[in-house]
Amino acid sequence: MMHAASPISAAPRPSGASFDCIIVGGGHAGCEAAMALARLGCATLLISSNLDRLGHCSCNPAIGGLAKGHMVREIDALGGMMGLWADEAAIQFRMLNASKGPAVQAPRAQIDRARYMLAVQRDLFACPGLSLTQDMVSSIITQNGRSVGVLCRSGAAYRAPAVCITGGTFLRGMLHIGETGFPGGRMGDEAAESLSQSLAALGIPLRRFMTCTPPRVLTASVNFAAMQIQAGDEPPGSFSFHGPGVVLPQVPCHMTWTTPEAHALIAANLRRSPMYNGDIPGPGPRYCPAIEDKIARFPEKSSHQVFIEPEGLRHPETYCNNLPTGLPLEVQEALLRLIPGLEKSRISRPGYAIQYDCVFSTDLAPTLESKIVPGLWFAGQINGTSGYEEAAAQGLWAALNIACALKSLPPFAPGREQSYIAVLVDDLVTKGTDEPYRMFTSRAEHRLLLREGNADMRLTPLGRKLGLVRDDHWTAFQSKRNTLEALLELLQTTRLTPDARARDIFASLGEPPPSQAVNLGELLRRPRLDLRRLAVFRPEILEFPQTVLEEAQTALRYEGYLTRQEELAQRSAKGADVLLPPDLDYADVAGLTAEAVEKFSRVRPRNLAQAGRIPGITPANLACLDIHLHKLSRAGYRSPRALDT
């Protein structure tokens, strides 16, 4: 949590002033990037078309979810802000997949939208070293092919060696409600029209993606008694490893279902949707599709879940999750009348589809800097992703790399075995995406290593090394780490022999006694035993914090699996030690196919490991690269090893 500072810290410098970095856009990526850079000592300017909407949640009033919650915890572990802000605004906290294995469990919180924005804006305006100004960036200023600043619609110009575009859905944004279309970055905010032209003039290719959002209805018009209650966890958990946790009262969500009659209505009006009448030819999100897409793609299903989620503790509106749509308003109204509990609901804000410009993510380096225009960085939905969490993760990643570049430090580049954020960025810059990218646990090949509960153990030392983890955060981390080590030692050194007393205790637990001496850690491999049941042997176990108990239990119960995954991760990381020359002419590499030359030249992989992850690249292609590097080494080139981050 940022401490209050003089409001003058947020005052913009005059036009023509210089900064270390300029952030364009005040969404989740921009806010995370701006806070990180300023806290790392970089003079930072954040430019937003509407300062009242900093930190606004344009779609659902929730943070986290499957794999997304992992990234929020990783942001917090590195010293970022989203976890703290989400905890402060959380009105329902749930651990998803709590009955499944630790690799796929993920935290999610309903948030009070207004409280979240208040927390974000409070900290941004109070952050020393961060200036904010309300304006619309119209073009990028370049010099000798490098980005050196921005020109705003007001005529103001600002200069910086690093510019980060976090434009979200604003670049030439076009909103669609049925057959009606009009410009907008989101409902209620104007689109950024000129910036796309500037980027295209610089040789940066753009393409069109789209997404949808559901209608909001007046809470007083919803019949919650006809719906199924969804309660949160009690007591509620939290995202931040070091913050005060959840502070607001917790409230339930509700669930209902669409009906065959609703599906028939949608099918009859399908051609009135912009995704089906030709207004939006671009790809939509596969994993959060419009309700009309679901009906068209899964005609055999007679119902779909609809989650009714509060916008806040005192907010008069409710969010209809799982009903994103671009259908005409009158069809949306008729649709809700066919859903139990929403028969008399009144729409306060219609659902709509939005189409917008984004860059090709394979045109970005692993640092998220443009390969086409040095000094220009991109983060968030403009890179082809969807979701607040993916955006904030990229904002933090870009900020850390910008700070490293400004300070002449090695890039911030943890591997895929270290974080979901690294998986996200590597997927984007190596494989690209033909549709809005969403993070899933299945995208990580080492997901058992990347549990949400050990994000601090994986990343907080790295955040401390970079200077983003402050003293109070570091002290809390060290305390937890020491406590975890003490518990693990206790469990591994407490040995039980199958004597009469032990046999009696095992009988009371409904478990067969061990045939030989074992320690408590080994007993955790039994499915029906956990640390709370084993406390009968060492009651002091119950004195440890719940988070420490959970992490110790996972580490010991899955010890064999974790060891194997670590071995696989080390094996796959070997290629990351061999960096490829940034100016390598792949046409000179003997034996490469034309396809391989084209793909290597476009992606320009940083190392052999990344080269191997490019779609369509074969082991034979990698062998040709390896042989070529050996030839270069004999000619005097020395391949540097990847720097330890």
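This structure is a prediction, so every number in the text was calculated from the model and none was measured.

J.: What's the story with the overall build of the protein in this structure? I'm lost.
T.: Helix and strand counts for the protein come out as 20 helices and 23 strands. Compactness check: the protein gives a C-alpha radius of gyration of 26 Å against a globular reference of 26 Å for 645 residues, within 12% of the reference. With the C-alpha coordinates aligned to their principal axes, the bounding extent of the protein is approximately 85 × 75 × 55 Å. Relative to its full complement of 645 residues, the protein shows a buried share of 56%. Put simply, of all contacts in the protein between residues at least 6 apart along the chain, 73% involve residues at least 24 apart. When the accessible surface of the protein is split by element, carbon and sulfur atoms take 53% of a total near 26100 Å². Charged side chains in the protein number 66 positive and 64 negative. The centres of these two groups are separated by 2 Å.

J.: Would you take a moment to explain the nonpolar core for this structure?
T.: If you look at soluble globular proteins, the nonpolar side chains tend to sit buried side by side. Grouped together as the largest cluster of nonpolar side chains are 101 residues, with contacts concentrated most on Tyr116 and Val150. Ranked by the residues each element gives to this core, the list is headed by helix α9 (residues 388-406), at 12 residues. Tyr116 has contacts with His28, Gly55, Cys57, Ile63, Met82, Trp85, Ala86, Ala89 and Ile111, leaving out every residue within four places of it along the chain. Leu484, Ala502, Val518 and Phe537 belong to the second-largest nonpolar core, a separate cluster that totals 24 residues.

J.: How do you make sense of helix α8 (residues 329-336) when you look at a structure like this?
T.: Along an α-helix, residues three or four apart share an orientation, since each turn contains 3.6 residues. Within α8, burial applies to Val331, Gln332, Ala334, Leu335 and Leu336. The inward-facing, buried residues of α8 contact β11 (174-177), β14 (216-218), α6 (260-268) and β19 (347-349).

J.: Help me understand the confidence of the model for the protein, please; the structure alone is not making it clear to me.
T.: Note: predicted coordinates in regions of low pLDDT should not be interpreted at a detailed level. Mean pLDDT over the protein: 92, with 95% of residues reaching 70 or higher. Every residue in residues 1-12 is under pLDDT 50, and counting partners more than four places away or in other chains gives 29 contacts.

J.: Honestly, the sheet that holds strand β7 (residues 137-143) in this entry has me stumped. Any pointers?
T.: Strand pairing in a sheet relies on backbone hydrogen bonds. The paired strands run either parallel or antiparallel. Strand order in the open sheet made by the 3 strands is β7-β8-β9, with antiparallel pairing throughout. Of all strands in the sheet, those with a lone pairing partner are β7 and β9 (157-159), marking the two edges. Each strand of the sheet is rotated relative to its neighbour by a mean of 30°, with strand direction disregarded. Looking at chain direction, β7 and strand β8 (residues 146-152) are connected through 6 bridges and run antiparallel. Residue pairing for β8: Ile140 is matched across the bridge by Val150.

J.: Whenever I open this one, the pattern of salt bridges confuses me. Can you help?
T.: Think of it this way: side chains of opposite charge can pair up when their charged atoms draw near. All told, the structure shown has 32 salt bridges when counted by the stated rule. Residue Arg172 is joined to Asp357 by a salt bridge in which the shortest nitrogen-to-oxygen separation is 2.7 Å. With a gap of 185 residues between them, Arg172 in the loop between β10 (162-165) and β11 and Asp357 in strand β20 (residues 352-359) connect regions that are remote in the sequence. Overall, the relative accessible area of 36% leaves Arg172 in the partly exposed class. Given the relative accessible area of 2%, Asp357 is considered buried. Sharing partners across several salt bridges, the network here consists of Arg416, Asp426, Asp427, Lys431, Glu445 and Arg613.

J.: Sorry if this is basic, but what is going on with unusual backbone geometry here?
T.: Here the bond from Glu234 into Pro235 is cis, since omega is 0°, no more than 30 degrees from zero. With respect to the helices and strands, Pro235 occurs in the loop between β15 (228-230) and β16 (253-257). The backbone phi angle of Asn322 is positive, close to 85°, even though this residue is not glycine. Position of Asn322 relative to the elements: it lies in the loop between β18 (317-321) and α8. Since its relative accessible area comes to 22%, Asn322 is described here as partly exposed.

J.: Is there a simple way to think about the sheet that holds β16 in this case?
T.: The strand order across the open sheet formed by 6 strands is β15-β16-β17-β18-β14-β19, and the pairing between neighbours is antiparallel. The open sheet has two edge strands with one neighbour each: β15 and β19. Pairs of neighbouring strands in the sheet enclose a mean axial angle of 35°, with direction left out of account. Pairing of β14 with β19, which is carried by 2 bridges, proceeds in the antiparallel orientation. Across the sheet, Val217 pairs through a bridge with Ile347, a residue of β19.

J.: Any chance you could explain the packing of α6 against α8 here in plain terms?
T.: Packed helices, taken two at a time, are described by their axes: the angle between them and the distance between them. Relative to each other, α6 and α8 sit at 165°, their axes nearing to 9 Å. For the element pair α6 / α8, the angle class is roughly antiparallel. Every pair of crossing elements has a handedness; the one defined by α6 and α8 is right-handed. In this structure, α6 contributes Ala262, Leu265 and Ile266 to the contact, and α8 contributes Val331, Ala334 and Leu335. For the contact of α6 with α8, a count of residues per class yields 6 nonpolar, no polar and no charged.

J.: What is the right way to look at the pairing of strand β4 (residues 90-96) in this model?
T.: If a strand is regular, its side chains alternate between the two faces of the sheet. Of all 7 residues in β4, 5 are buried, a share of seventy percent or more. Bridge analysis of β4 against strand β5 (residues 106-111) gives 6 bridges, and the strand direction is antiparallel. When the sheet's bridge partners are listed, Gln92 is paired in β5 with Gln110.

J.: Teacher, can you tell me more about the packing of α9 against helix α10 (residues 420-431) here?
T.: Relative to each other, α9 and α10 sit at 85°, their axes nearing to 10 Å. Compared by their axis directions, α9 and α10 come out roughly perpendicular. For the pair formed by α9 and α10, the contact residues are Glu390, Ala393, Gln394 and Trp397 on the first element and Ile421, Ala422, Leu424, Val425 and Leu428 on the second.

J.: What's the story with the side chain of Glu390 in this structure? I'm lost.
T.: Its place among the elements puts Glu390 in helix α9. When its relative accessible area of 0% is taken as the criterion, Glu390 is described as buried. Not counting chain neighbours up to four residues away, the residues in contact with Glu390 comprise Lys68, Met71, Thr385, Leu424, Tyr437, Arg438 and Met439.

Criteria and thresholds
Residues numbered from 1 in each chain as written. Predicted model: local features only at pLDDT ≥ 70, side-chain atom pairs only at ≥ 80, totals over all residues. Heavy atoms only, no water. Helix = DSSP H or I, 4+ residues; strand = E, 2+ residues; numbered from the N terminus. Rg over C-alpha atoms; globule rule 2.2 N^0.38 Å. Buried < 20%, exposed > 50% of the residue type's maximum accessible area, 1.4 Å probe, protein only. Contact = heavy atoms within 4.5 Å. Areas by Shrake-Rupley, 256 points an atom, 1.4 Å probe, with all protein chains shown as cover. Lys, Arg positive; Asp, Glu negative; His and termini not counted. Charge placed at Lys NZ, Arg CZ, Asp CG, Glu CD. Core = buried A, V, L, I, M, F, W, Y, C linked by side-chain atoms within 4.5 Å. pLDDT = per-residue confidence, 0-100. Pairing = 2+ DSSP bridges. Axes fitted to C-alpha atoms, helices over the stretch in contact; angles between N-to-C directions. Salt bridge = Lys/Arg side-chain N within 4 Å of Asp/Glu carboxyl O. Parallel < 35°, antiparallel > 145°, perpendicular 65-115°, else oblique. Left-handed = near helix turned anticlockwise from the far one by under 90°. Nonpolar A, V, L, I, M, F, W, Y, C, P; charged D, E, K, R; others polar.

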